[in-house]
Amino acid sequence: MGVPFEALIPYAICLGMFGVSGAALSKIRHMQNGGKRGRHSVDQWDRQMMDRDRRLTGFLRGQTDSAKAPAGFELSNPWRLEKAVL
């Protein structure tokens, strides 16, 4: 005896929704990275360079080949100072 196809419709809907949501999340992550693939195992140096690129270009993963920094870049110091211990 076979299984009526009406019993499989909810499974197909669930599977389709997982596929649609996975594709949407992948596209959003792709757009957030400026059209580049996601990065894994990002260490402190990579975070520092990505922060520098964000301050230069406005995008976390953006890069520029301009020899001159944009106006105002000299005032955006990335260094964090610790509080003085007395």
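Residues numbered from 1 in each chain as written. Predicted model: local features only at pLDDT ≥ 70, side-chain atom pairs only at ≥ 80, totals over all residues. Heavy atoms only, no water.

(A) Region of the structure containing the overall build of the protein chain. Summing up its helical and strand segments, the protein chain has 2 helices and 0 strands in all. A total of 86 residues make up the protein chain; the buried ones form 9% of that total. By element, 62% of the accessible surface of the protein chain is carried by carbon and sulfur atoms, the whole surface being about 8100 Å². (Helix = DSSP H or I, 4+ residues; strand = E, 2+ residues; numbered from the N terminus. Buried < 20%, exposed > 50% of the residue type's maximum accessible area, 1.4 Å probe, protein only. Areas by Shrake-Rupley, 256 points an atom, 1.4 Å probe, with all protein chains shown as cover.)

(B) Region of interest: helix α2 (residues 44-57). Helix length check: α2, at 14 residues, gives a terminal C-alpha distance of 20 Å against a target of 20 Å (1.5 Å per residue), a fit within 8%. Three or more residues of α2 are buried, namely D46, M50, D51, D53 and L56. (Expected span 1.5 Å × (residues − 1).)

(C) Structural context of the UniProt feature "transmembrane region" (unreviewed entry) in the protein chain. Summarizing the sequence annotation, UniProt attributes the feature "transmembrane region" (unreviewed entry) to residues 7-26 in the numbering used throughout. Taken end to end, residues 7-26 is 90% helix and 0% strand, and its two terminal C-alpha atoms sit 30 Å from one another. (UniProt positions renumbered as here; feature names shortened; annotations may be inferred.)

(D) How the structure looks around a nonpolar patch on the surface. A surface patch of nonpolar side chains, about 430 Å² in accessible area, is lined by F5, I9, I13 and M17. Locating F5 in the fold gives a position in the segment before α1 (9-32). (Patch = residues over 30% accessible without salt bridge, like charges linked within 9 Å, V, L, I, M, F, W, Y side chains within 5 Å. Salt bridge = Lys/Arg side-chain N within 4 Å of Asp/Glu carboxyl O.)

(E) Local environment of unusual backbone geometry. Phi at S41 is positive, roughly 55 degrees, even though this residue is not glycine. Here S41 is to be found in the loop between α1 and α2.

(F) Seen up close, the side chain of R61. As for its placement among the helices and strands, R61 is situated in the segment after α2. No salt bridge is formed by the buried R61, whose closest oppositely charged neighbour, D53, lies at an N-O distance of 7.3 Å. Within the structure, the side chain of R61 is placed 2.6 Å from the backbone oxygen of R37, a separation counted as a polar contact. Dropping the residues within four chain positions of it, R61 is found in contact with N33, K36, R37, G38, R39 and M50. (Lys, Arg positive; Asp, Glu negative; His and termini not counted. Polar contact = N/O pair within 3.5 Å; in protein donor to acceptor, adjacent residues only side chain to side chain. Contact = heavy atoms within 4.5 Å.)

(G) Broad picture of α1. If you check α1, its first and last C-alpha atoms are 34 Å apart, about what 24 residues at 1.5 Å a residue would give, namely 34 Å. Directly beyond the C-terminal end of α1, a positive phi value near 70 degrees is found at G34.

(H) Geometry of the pattern of salt bridges. Across all of its chains, the model carries 4 salt bridges by this definition. Two residues, D46 and R39, come together in a salt bridge whose shortest N-O distance is 3.4 Å. Note that R55 is salt-bridged to D51, the shortest N-O span being 3.9 Å. You can see R55 and its partner D51 sitting in helix α2, 4 residues apart, about one turn around the helix. Ionic contacts of the salt-bridge type, sharing partners, join the residues D51, R54 and R55 into one network.

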